[in-house]
Amino acid sequence: MTTAVGPRTWSRRHLLDVDGLSRDELETILALAVDMRNVRAGREHPSLLEAETVALAFFEASTRTRISFELAAKALGATTVDLGVDRSSVSKGESLVDTLRTLERTGVTTVVIRHSDSGAPHLAARETGLRVINAGDGVHAHPTQALLDALTLREFFGSLDGRMVVIVGDVAHSRVARSNIHSLQSLGARVRVAGPAPWVADFNHWPGVEVATSLDDGLRDADAVMALRVQLERGAESFGDFVADWRLDEDRMALALPGAPILHPGPTNEGVELTAELANGPRSLIGRQVENGVPIRMAVLALVCGAV
Amino acid sequence: MRDARFGLLTDRPATFVLVGGRVIDPSDGSDEERDIAVRDGLVVEAADDAERIDASGWVIAPGFCDLHAHLREPGISGAETIASGTRAAAHGGFTTVCAMPNTDPPLDSADAVGAVVAAPASARVRVIAAATRRRAGGELTAVEELGRAGAIGVSDDGAAVPSAALTADLLARLASLGLPLFEHAEDASVAGGGVMRAGPAATRLGLAPWPPEAEVAIVERDIALAEAAHARLHLTHLSTARSLDAVRAAKARGVAVTCDVTPHHLALTDEWVAGSRRFAWEEADPRSELAYDGRCRVNPPLASRDDAMNLLAGVADGAVDAIATDHAPHPAESKLVPFAQAAPGLIGLETALSVGLLTVEAGRLSLSALLAALSTRPAAIVGEKRGLRTGERADLVAFDPAAGWRVDATTLGSASANSPLVDMELPGVVRLTVADGRVTYRT
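Residues numbered from 1 in each chain as written. Chains lettered and ligands numbered in written order. Predicted model: local features only at pLDDT ≥ 70, side-chain atom pairs only at ≥ 80, totals over all residues. Heavy atoms only, no water.

Q: Would you explain the overall build of chain B in this entry?
A: Assigned secondary structure in chain B consists of 13 helices and 18 strands. For the C-alpha atoms alone, the extent of chain B along its principal axes is close to 65 × 50 × 45 Å. Taking all 443 residues of chain B together, 62% fall into the buried category. Considering only contacts within chain B whose residues lie at least 6 apart along the sequence, 75% involve residues at least 24 apart. Accessible surface for chain B amounts to roughly 15000 Å². Of this, 51% is attributable to carbon and sulfur atoms. Taken as two groups, the 41 positive and 59 negative side-chain charges of chain B have centres that lie 1 Å from each other. (Helix = DSSP H or I, 4+ residues; strand = E, 2+ residues; numbered from the N terminus. Buried < 20%, exposed > 50% of the residue type's maximum accessible area, 1.4 Å probe, protein only. Contact = heavy atoms within 4.5 Å. Areas by Shrake-Rupley, 256 points an atom, 1.4 Å probe, with all protein chains shown as cover. Lys, Arg positive; Asp, Glu negative; His and termini not counted. Charge placed at Lys NZ, Arg CZ, Asp CG, Glu CD.)

Q: Got a minute to help me understand the overall build of chain A in this structure?
A: A tally of regular secondary structure across chain A gives twelve helices and nine strands. Scaling as 2.2 N^0.38, a compact globule of 308 residues should have a C-alpha radius of gyration of about 19 Å, and chain A matches this with 19 Å. Each of the 308 residues in chain A was classed as buried or not, and the buried ones make up 58%. Of the accessible surface of chain A, which amounts to about 12000 Å², a share of 47% is contributed by carbon and sulfur atoms. (Rg over C-alpha atoms; globule rule 2.2 N^0.38 Å.)

Q: Can you help me understand unusual backbone geometry in this one?
A: Working note: non-glycine residues mostly have negative phi, and peptide bonds are mostly trans. Cis geometry is adopted by the peptide bond preceding Pro267 of chain A, which originates at Gly266 of chain A and carries an omega value of -10 degrees. Within the fold, Pro267 of chain A resides in the loop between strand 9 (262–263) and helix 11 (276–280). The peptide bond linking Asn299 of chain B to Pro300 of chain B adopts the cis configuration, its omega dihedral lying at -5 degrees. Locating Pro300 of chain B in the fold gives a position in the loop between helix 9 (263–267) and helix 10 (305–317). A positive phi angle, near 50 degrees, is found at Asp40 of chain B, a position not held by glycine. Phi angles above zero are rare outside glycine, and Asp423 of chain B is one such case at about 80 degrees. The class for Asp423 of chain B is partly exposed, based on a relative accessible area of 48%.

Q: Just checking my understanding: could you explain the environment of Thr80 of chain A for this structure?
A: Residues and elements named next belong to chain A. Secondary-structure assignment places Thr80 in strand 2 (residues 79–82). Relative accessible area serves as the criterion here: at 16%, Thr80 is assigned to the buried category. In sequence terms Thr80 and Asp170 are 90 residues apart; their C-alpha atoms lie 34 Å from each other. Sequence-distant contacts of Thr80, that is, excluding residues within four places in its chain, are made with Val54, Glu70, Ala73 and Lys74.

Q: Where do I start with the packing of aromatic side chains in this structure?
A: We describe a pair of aromatic rings using the distance from one ring centre to the other and the angle between the two ring planes. Enumeration according to the criterion identifies seven aromatic pairs over all chains in this entry. Seen from their ring centres, Phe156 of chain A and Phe157 of chain A are 4.9 Å apart, and the 85 degrees between their planes marks the pair as edge-to-face. Judged by relative accessible area, Phe156 of chain A falls into the partly exposed class, the value being 40%. On the basis of an interplanar angle of 15 degrees and a centroid distance of 5.6 Å, the ring pair of Phe279 of chain B and Trp281 of chain B is categorised as stacked. Ring-pair connections join several aromatic residues into one group, and the members of that group are Trp272, Phe279 and Trp281 of chain B. (Phe/Tyr/Trp six-rings, centres within 6.5 Å; stacked < 30°, edge-to-face > 60°.)

Q: Would you mind going over helix 4 (residues 120–127) of chain A with me for this structure?
A: Side chains three or four residues apart in an α-helix point the same way, a direct result of the helix having 3.6 residues per turn. Most of helix 4 of chain A is tucked away: six of the eight residues are buried. For helix 4 of chain A, the secondary structure elements touched by its buried residues are helix 3 (96–105), strand 3 (110–115) and strand 4 (131–137) of chain A.

Q: Teacher, can you tell me more about the side chain of Asp25 of chain B here?
A: Residue and element names in this part refer to chain B. Residue placement: Asp25 occurs in strand 1 (residues 16–25). At 3.3 Å, the side chain of Asp25 forms a polar contact with the backbone nitrogen of Leu388. Setting aside anything within four residues of it in sequence, one finds Asp25 in contact with Ser30, Pro62, Gly387 and Leu388. (Polar contact = N/O pair within 3.5 Å; in protein donor to acceptor, adjacent residues only side chain to side chain.)

Q: Can you help me understand the confidence of the model for chain B in this one?
A: Per-chain confidence: chain B averages 97 in pLDDT, with 100% of residues scoring 70 or above. This prediction of the complex comes with two scores: 0.95 for pTM and 0.94 for ipTM. (pLDDT = per-residue confidence, 0-100.)

Q: I tried to follow the domain arrangement of chain A on my own but got confused; where do I start?
A: Reports of interface size often rely on the accessible area that becomes lost once the parts have come together. All names here are of chain A. What the domain assignment reports for chain A is domain 1 (23–142 + 292–304) and domain 2 (143–289). Across the interface of domain 1 and domain 2, roughly 2200 Å² is buried in total on both sides, 56% from carbon and sulfur atoms. On the surface where domain 1 and domain 2 come into contact, there are four salt bridges. Its salt-bridge partner being Arg23, residue Asp161 comes within 3.5 Å of it at the nearest N-O pair. Taken together, the links from domain 1 to domain 2 amount to 15 residue pairs in polar contact (both at pLDDT 80 or more). When residues of the side of domain 1 that touches domain 2 are traced back to their parent elements, those giving at least two are helix 1 (23–41), helix 2 (64–75), strand 3, strand 4 and helix 12 (286–304). (Domains from an automatic or database assignment. Buried area = accessible area lost by both parts, 1.4 Å probe. Salt bridge = Lys/Arg side-chain N within 4 Å of Asp/Glu carboxyl O.)

Q: Is there a simple way to think about the side chain of Thr203 of chain B in this case?
A: Considering the arrangement of structural elements, one finds Thr203 of chain B in helix 6 (residues 200–205). Once residues lying within four places of it in the same chain are set aside, the contact partners of Thr203 of chain B are Arg178, Asp202, Phe203 and Trp206 of chain A.

Q: Before we go on, may I ask you to explain the sheet that holds strand 3 of chain A in this structure?
A: Two strands in a sheet stick together by hydrogen bonds in their backbones, pointing the same way (parallel) or opposite ways (antiparallel). Residues and elements named next belong to chain A. Judged by pairing direction, the sheet is parallel, and its four strands sit side by side in the order 2-1-3-4 without closing on themselves. Strands at the two margins of the open sheet, each flanked by one partner only, are strand 2 and strand 4. The sheet shows a mean angle of 15 degrees between the axes of neighbouring strands, taken without regard to direction. The pairing of strand 3 with strand 4 spans five bridges and is classified as parallel. Paired with Val111 across the two strands is Val132, which belongs to strand 4. In the packing of helix 4 onto the sheet, the strands contacted are strand 3 and strand 4, and the crossing angle to strand 4 comes to about 170 degrees. (Pairing = 2+ DSSP bridges. Axes fitted to C-alpha atoms, helices over the stretch in contact; angles between N-to-C directions.)

Q: Help me out: how do you make sense of the pattern of salt bridges in this one?
A: Pairing between side chains becomes possible if they bear opposite charge and their charged atoms approach one another. Residue and element names in this part refer to chain B. Evaluation of the coordinates by the stated rule reveals 49 salt bridges over all chains. Between Arg124 and Glu384 there is a salt bridge, and its shortest N-O distance comes to 3.4 Å. Of this pair, Arg124 sits in strand 8 (residues 124–130) while Glu384 sits in the loop between helix 13 (376–381) and strand 16 (396–406), and the two are 260 residues apart along the sequence. Where Glu384 meets Arg386, a salt bridge forms, and the shortest distance between an N and an O atom there is 2.8 Å. Considered together, Glu384 and Arg386 belong to a single accessibility category, that of buried residues. Look at the salt bridges and you will find they share partners, linking Arg124, Arg126, Glu384, Arg386 and Asp395 into a network.

Q: Got a minute to help me understand the pairing of strand 1 (residues 53–58) of chain A in this structure?
A: The two faces of the sheet receive side chains in turn, since in a regular strand these alternate between them. Residues and elements named next belong to chain A. Buried residues dominate strand 1, accounting for six of its six residues. Side-chain alternation along strand 1 places Thr53, Ala55 and Ala57 on one buried face and Val54, Leu56 and Phe58 on a second face that is also buried. As defined by bridge partners, strand 1 adjoins strand 2 across four bridges and the pair is classed as parallel. Each bridged residue has a counterpart across the sheet, and for Ala55 the counterpart in strand 2 is Val81. Read from strand 1 through helix 2 to strand 2, the crossover connection turns out right-handed. (Right-handed = clockwise from strand over helix to strand, strands pointing away.)

Pasting the structure below:
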């Protein structure tokens, strides 16, 4: 495959988190994702991953991430298998490590793993010979979401240098927020987290991150606003006063800089984090985020598998 | 399983001369190069015909006393037994281990205590019996009877005695026996299921935070209750500077409170969970490929760097009475799971001296303070004398502080190998351990 990208910076067998990725590595992924999008649009079916068998091991529910990984792997010619956790030996109590070692023995080369425990992909990488791509672990990381968010924002702004990106809501329980903080900072953006104090207070110690506990302070001078899913399943107490104080709508977005776009990683709790009008309105980049999912995951798969 | 390095306390008393070692005896503050002659288990002036062991370059100190170990017997012998756990002790220079009662069933009866004390072993085993029946936190055990059976104190280790009222009753009864409560200071309702010390690393890693107030709340409660009851209180595995502050203040008021800290709370930090393998006095170096290692899960969780440094200062100035291992063996599979599901605890008997020597090499602790915290000071808490003077029962460790060793899972005395220190190079090799006049370990 020919691409317009220059020399690639990549030597990793796994994508476990965003923390350790250098700016060059991030740029490599983003540039390759743009190529991949063009490849897909051109109905080319490169066989970069012809020799690979990619297992989708989703120990937690997912629609867009699982499907976009599957489409990405297939678009590059890989064989895919879906572990189907609810009908596999996992439901009989088999340990994570044993399950993954079994996959490895059957010929799987790469596993895309989602798990409710932070660090599960790290365990997989240490204890098996599989290449491991983290598709979301506990409240720790969701690297490909952060990468597709970065691509979406980059294509909107051109450059993220100096841009203020505000992440609003249940930051404490958000793996999306944690990964975005790393990638946005690496790409030159400034990051503020805003939400009810219990959801943001721990981030006071995060290097370079601003913390705001009111909507006014939160959205001031914001170049872009990223709403998060309120994670009832991860211990957020209730929607409570959140809707009254924090739900984003067109009026409240006026606190941000004019024209500031709104993002949301999905799935939304309808009418909780933001109004339908905002989600479907002209500021919304939510559709672009979803569209960028497959090319980002194609790029990640190709890099991790050493195929480009 | 026979391993020629180890002996038993029932073996014949030993006769030998250690020649030319540096003898450090915290019981009298001496630190001098001299020979130590032992005949039939007693320290004597000379033993001319005895085997002469070249101890030049070695340090000889009173045998170590561990105030906190899990020997897992009865009931959990896949992880450890009294035999294997005391071999680990002997390998680490310990001549006494205090066994915690959270076995299956718990050590909550005189018979259970007696069985543990009587088991063949490579170190003296003292028993800390359960504070509540079945360690369930409801009804107090028959502490008077347990004391008569040989228990040196009581604890519900793994948990604090749950209610203040129950603790007050317990302390009143212990006061008349002169026995301490060994308290695992953790308020479960404050800990809230946290698996990693609250702080920047826990936030970054997305692991449920364990707030230090969980410990401080029980420390302050117990000090107040022990003070009122004129009872002895021993706070084990302290992990926060604020707990130690409370202990310092209580000691200054004359409260009969003592405390220990583990080697891993002195030298390792919460950044180890993030994959760093640098010690508390070094800059952390978190590495993704080592992050979330279940072997770094322990309760209380590995401390912040500030807390570790404060606790080290406490060992140096004596506010911390002892270094105790909280040796907690677990089978490998209970650690090969996502971090939050890993069984808490790590083995420590065989690496305690080495980790202590790291703090000495780093200039954070004197060798004599380290040895006092491992030997004479904990021994005093359980009523054991230690000394290397003529006429005393030989009870000592001889180690080469300049030699190093790789922590090799296959040569440990313990039946388990759950420690992040496994495969690391550490300073200090134990050459000889003598417990109650018998050679329990020798290479």
